[in-house]
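# Architecture at a glance
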Amino acid sequence: METRDDIRNVAIIAHVDHGKTTLVNELLKQSDTLDSHTEISDRAMDSNDIEKERGITILSKNTAVKYKGKQINILDTPGHADFGGEVERIMKMVDGVLLIVDAFEGTMPQTRFVLKKALEQHLTPIVIINKIDRPGARPEEVVDEVLDLFIELGADEDQLDFPVIYASAMNGTTSFDPDPAKQEHTMDPIFNTILDTIPAPVDNSDEPLQFQVAMLDYNEFVGRIGIGRVFRGRIKVGDQVTVMKLDGTQKNFRVTKLFGFFGLQRLEIQEAKAGDLIAVSGMDDIFVGETVCPADHPEALPLLRIDPPTLQMTFMTNDSPFVGREGDSVTARKLEDRLKVQLHTDVSLRVEDTDSPDAWTVSRPKVIYREIDGKLCEPFESVIIDTPDEYSGSVIDSMAQRKGEMLNMEPSQNGTTRLEFSTPTRGLIGYDSQFLSMTRGYGILNHTFAEYKPVIRNWEPGRRNGALVSINQGKATTYAIMGVEGRGTIFVDPGTEVYEGMIVGQSSRERDISVNVTKGKNMTNVRSSNKDQTATIKKPTHLTLEESLEFLNEDELLEITPESIRLRKRILETNAREKAAKKAARQTQE
């Protein structure tokens, strides 16, 4: 069977922050792709605004480099568990994977997830042990961990015989030797191993066209763009083709534009053939997994399986007393439009209508239950925790309270312990901040979706402490906060505007406490016999967006504007809220 020896298609996969995007940068710099005067920024592939802010890859993106006259198509995939839907469909587009593993951290939960997807597609792996220069690096032990993981995931004999390259992507160095002193400033070992190990795509361009969409993009001028691989045949601009829809129907359309990828650019091309990774425009409602083929030869490829979301949350318009004060897009329609735009490119996202006309359901942070074989099931996650030895007992106890089942416990070097659990997803919501406090910031928590299991009954996780809730509207004062801070942890600074029903702190008790943080000190013309002292209060705790979401209970909401993040109760009026709580308590008793 003929092959196209001029190209290779590979994906880069790894756990979050193990150096994928930094490595892609070096591959671009040290290949024959960019001009000598071209400069690229750090993590150039992380082009999305949120990616730049967070420093992580969220959306899969592809590029291509030239090396020794051959083109290597590279797909950079997310390493964060929350964006795993981006990873699995990419595996259909490539013939091999570069598995990046941190030389210190070793294999992590997301390493298992992405590697499992690659092995299921029988892809050829190349292992790169990155950050070889990191203090405490243990490259040879990590290689053994990777081999154990391959065996555990059922790799075949060819996959177990994977080549290993040691690298420091940050420094742009690689070698075949685990000794950091033998690193050289070159990416040639990676390029040559790709050309020698990764199989070239089959050249069946003389057969009828088969192009499958694996990613989506959106452009206001040309509409939705389908990105994928030509598995068979040829495709040209102006061709009349048929798209085989997911529901079995067929739609004809004309190819208006074709795009190829080179370096950091997307270039218009006139023709592509089997083995090429391209982008196609011309049909507005094309979706991931659909096959484009000739009208006279409709033959669909197997559908791509995408794990559906496991968490959801509700967005609604703001009805607080401060509505309209901050930001421009404050109407329900603009919020809906923003979500619909995201749907053009994010195939893991679901947006559903709710009973309320001004609210929609979007994934997170409630778990999504499913009925499997007649049993109601909930999502469980694989959790790996690295913690200093002295905190391991507290961590095990806290995970047991959240119904986590410990699968493994083993001591690591440098006085740390690695713990592995299987834990229900709803038990992990809100756990991050508690975990960091418990381990004094030294613990590392990683988790990824594992499977659905029968629901754990008669158990509801959540915040154990109540909230300090404001009973009136006004500006918080130092005097009032001094009288309240003994009841819990304060979230607002003096001078902050608050309203009735707004959460101003966390109670030290299990129940909510209604407080007045706007009360001022009464002034008199009587001089105190004691010397006045400067009023001082503890520094308030300021919650981030993620910490605020973790804090929420069922009867609470998060108000978000471009300038402020406020926690509040669903029912703002104090008397109405207390009546509703009493009614709910009576119903529970009955």
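The residue count restarts for each chain, going from 1 along the sequence in the order it is written. Note on the predicted model: pLDDT of at least 70 is required for a residue's local features to be given, and 80 or more for side-chain atom pairs to be given and counted; whole-chain, interface and lining totals, by contrast, use all residues. Calculated side-chain values reflect all of the structure's heavy atoms, with hydrogen atoms and water omitted.

## Comments concerning the overall build of the chain
Assigned secondary structure in the chain consists of 14 helices and 33 strands. Note on classification: 1.4 Å probe, protein chains only; a residue is buried when its accessible area is under 20% of the maximum for its type, exposed when over 50%, partly exposed between these limits. Taking all 590 residues of the chain together, the buried fraction comes to 47%. Per the convention used, a helix needs a DSSP run of H or I reaching at least four residues, while a strand needs a run of E reaching at least two, with both numbered from the N terminus.

## Focus: the layout of surface pockets
Only protein atoms enter the 1 Å grid used here, on which a cavity is any set of points holding a 1.4 Å probe that cannot leave and a pocket is any open set flanked by protein within 12 Å on both sides along at least five of seven lines; residues with an atom within 4 Å of a point are listed as lining. Grid points are joined across faces, edges and corners, and a volume is the space filled by probe spheres set on the points. The calculated volume of the second largest pocket comes to roughly 890 Å³. Along its surface, the second largest pocket is lined by 36 residues, and Thr107, Ile384, Glu410, Arg418 and Glu420 are the ones closest to its centre. If you list the elements that add at least two residues to the lining of the second largest pocket, you get α4 (109-120), α5 (139-152), β22 (375-388), β23 (405-411), β24 (416-424) and β25 (444-454). Tallying contributions element by element places β22 first for the lining of the second largest pocket, with seven residues. When grouped by side-chain class, the residues that make up the lining of the second largest pocket number 13 nonpolar, nine polar and 14 charged. Just so you know the grouping, Ala, Val, Leu, Ile, Met, Phe, Trp, Tyr, Cys and Pro go in nonpolar, Asp, Glu, Lys and Arg go in charged, and all remaining residues, Gly too, go in polar.

## Some points on the confidence of the model for the chain
pLDDT expresses how confident the predictor is about each individual residue, on a scale running from 0 to 100. Here the chain shows a mean pLDDT of 80. Residues at 70 or above account for 84%. A low-confidence stretch, residues 79-84 stays under pLDDT 50, and its non-local contacts, those more than four residues away or across chains, total 19 contacts. By definition in these notes, contact holds between two residues if any of their heavy atoms fall within 4.5 Å. Note on residues 358-364: pLDDT under 50 across the span, and 44 contacts to partners over four residues away in sequence or across chains.

## Quick look at the pairing of strand β11 (residues 240-244)
Summarising burial for β11: four of the five residues are buried, a large majority. Relative to strand β12 (residues 250-254), β11 is paired through five bridges, and the arrangement is antiparallel. Within the sheet, the bridge partner assigned to Gln240 lies in β12 and is Arg254. Here, a strand pair is defined by DSSP locating no fewer than two bridges between the strands. Count of turn residues in the β11/β12 antiparallel hairpin: five residues, of which Gly248 carries a positive phi of about 95°. The pairing of β11 with strand β17 (residues 291-294) spans four bridges and is antiparallel. Each residue of the ladder has a partner; that of Val243, found in β17, is Val292.

## A look at the pattern of salt bridges
Any carboxyl oxygen of Asp or Glu that lies within 4 Å of a side-chain nitrogen of Lys or Arg is treated as forming a salt bridge with it. Applying the stated criterion across every chain, the model contains 24 salt bridges. A salt bridge links Asp5 to Lys70; its shortest N-O distance comes to 2.9 Å. Residue Asp5 is found in the segment before β1 (7-14), and its partner Lys70 is found in strand β3 (residues 70-76); the two are separated by 65 residues along the sequence. According to the relative accessible area criterion, Asp5 is partly exposed, its value standing at 40%. The partner of Glu559 in a salt bridge is Arg566, with the nearest N and O atoms 2.9 Å apart. In this structure Glu559 comes out as buried when scored by relative accessible area, which is 4%. One continuous salt-bridge network, built from bridges that share partners, spans Asp102, Glu105, Lys131 and Arg134.

## Examining the packing of aromatic side chains
Any two rings among Phe, Tyr and Trp, with Trp reduced to its six-membered ring, count as a pair given centres within 6.5 Å; such a pair is stacked if its planes are under 30 degrees apart, edge-to-face if over 60, and tilted if neither. Enumeration according to the criterion identifies five aromatic pairs in this entry. Relative to Phe191, the ring of Tyr67 has its centre 4.5 Å away and its plane inclined at 20°; by these criteria the two rings are stacked. Pair noted here: Tyr67 is in strand β2 (residues 61-67) and Phe191 is in helix α7 (residues 188-197), with a separation of 124 residues, a long-range link. No difference in accessibility class separates Tyr67 from Phe191, as the two residues are buried.

## Some remarks on helix α9 (residues 392-401)
Residues of α9 that are buried: Ser392, Val395, Ser398 and Met399. For α9, the buried positions fall inside an angular range of 130° around the axis, keeping them on one side. Looking at the buried side of α9, the elements it contacts are β22, β24, α10 (425-428) and α11 (431-438). Among the residues trailing α9, Lys403 stands out with phi positive, at a value near 65°. It is the directions from the helix axis to the C-beta atoms that the arc portrays.

## Some remarks on the side chain of Thr387
With respect to the helices and strands, the residue Thr387 is situated in strand β22. With relative accessibility at 0%, the residue Thr387 sits in the buried group. Once you skip the residues sitting within four places of it in the chain, Thr387 turns out to touch Ser392, Val395, Thr416, Thr417, Leu419, Thr439 and Gly443.

## Concerning the side chain of Arg566
For Arg566, the position within the fold is in strand β33 (residues 565-569). Using a relative accessible area of 10% as the deciding quantity, one classes Arg566 as buried. Those residues within four positions of Arg566 in sequence are excluded, and the remaining contacts are Phe322, Glu326, Tyr499, Met502, Leu557, Leu558, Glu559 and Thr561.

## Quick word on the packing of α9 against α11
Think of each axis as a best-fit line through the C-alpha atoms, taken over the contacting stretch in the case of a helix, with angles from 0 to 180 degrees between the N-to-C directions. Where α9 contacts α11, the axes come no closer than 10 Å and their chain directions differ by 160°. With respect to each other, α9 and α11 are oriented roughly antiparallel. Like other packed secondary-structure pairs, α9 and α11 cross with a definite hand, here right-handed. Here α9 contributes Ser394, Val395, Ser398 and Met399 to the contact with α11, which in turn contributes Tyr431, Gln434, Phe435 and Met438. For the contact of α9 with α11, the class distribution of residues is five nonpolar, three polar and no charged. Roughly parallel means an angle under 35 degrees; roughly antiparallel, over 145; roughly perpendicular, 65 to 115; everything else is oblique. Put simply, a crossing is left-handed when the front helix is turned counterclockwise from the back one by less than a right angle, and right-handed when it is turned clockwise.

## Notes on a negative patch on the surface
Patch building starts from residues that exceed 30% relative accessible area and form no salt bridge, then joins like charges within 9 Å and nonpolar side chains (Val, Leu, Ile, Met, Phe, Trp, Tyr) within 5 Å. Surface exposure here means Shrake-Rupley accessible area, sampled with a 1.4 Å probe, where a residue is shielded only by the protein chains that are shown. For the purpose of charge, His is not counted, nor are the chain termini; Lys and Arg are scored as positive and Asp and Glu as negative. The atom standing in for a charge is NZ when the residue is Lys, CZ when it is Arg, CG when it is Asp and CD when it is Glu. Negative charge collects at one region of the surface, where Asp156, Glu157, Asp158 and Asp161 lie side by side. Inspection of the secondary structure assignment puts Asp156 in the loop between α5 and α6 (157-160).

## Digging into the sheet that holds β12
Read from one edge to the other, the open sheet built from eight strands follows the order β12-β11-β17-β8-β9-β16-β13-β14, with strand pairing classed as antiparallel. Only two strands of the sheet have a single partner each, and these edge strands are β12 and β14 (265-269). On average, adjacent strands in this sheet sit at an angle of 40° to one another, irrespective of strand direction. In this sheet, strand β16 (residues 277-281) lies alongside strand β13 (residues 257-262) in antiparallel orientation, the contact comprising three bridges. The residue bridging Leu258 from the neighbouring strand is Val280, located in β16.

## Details of unusual backbone geometry
Negative phi values dominate among residues other than glycine, just as trans dominates among peptide bonds. A positive phi angle is found at His122, which is not glycine, with a value near 55°. Positionally, His122 belongs in the loop between α4 and β5 (124-130). In this structure His122 comes out as exposed when scored by relative accessible area, which is 61%. The phi dihedral of Lys403 falls on the positive side, at around 65°, and the residue is not glycine. Within the element layout of this structure, Lys403 appears in the loop between α9 and β23.

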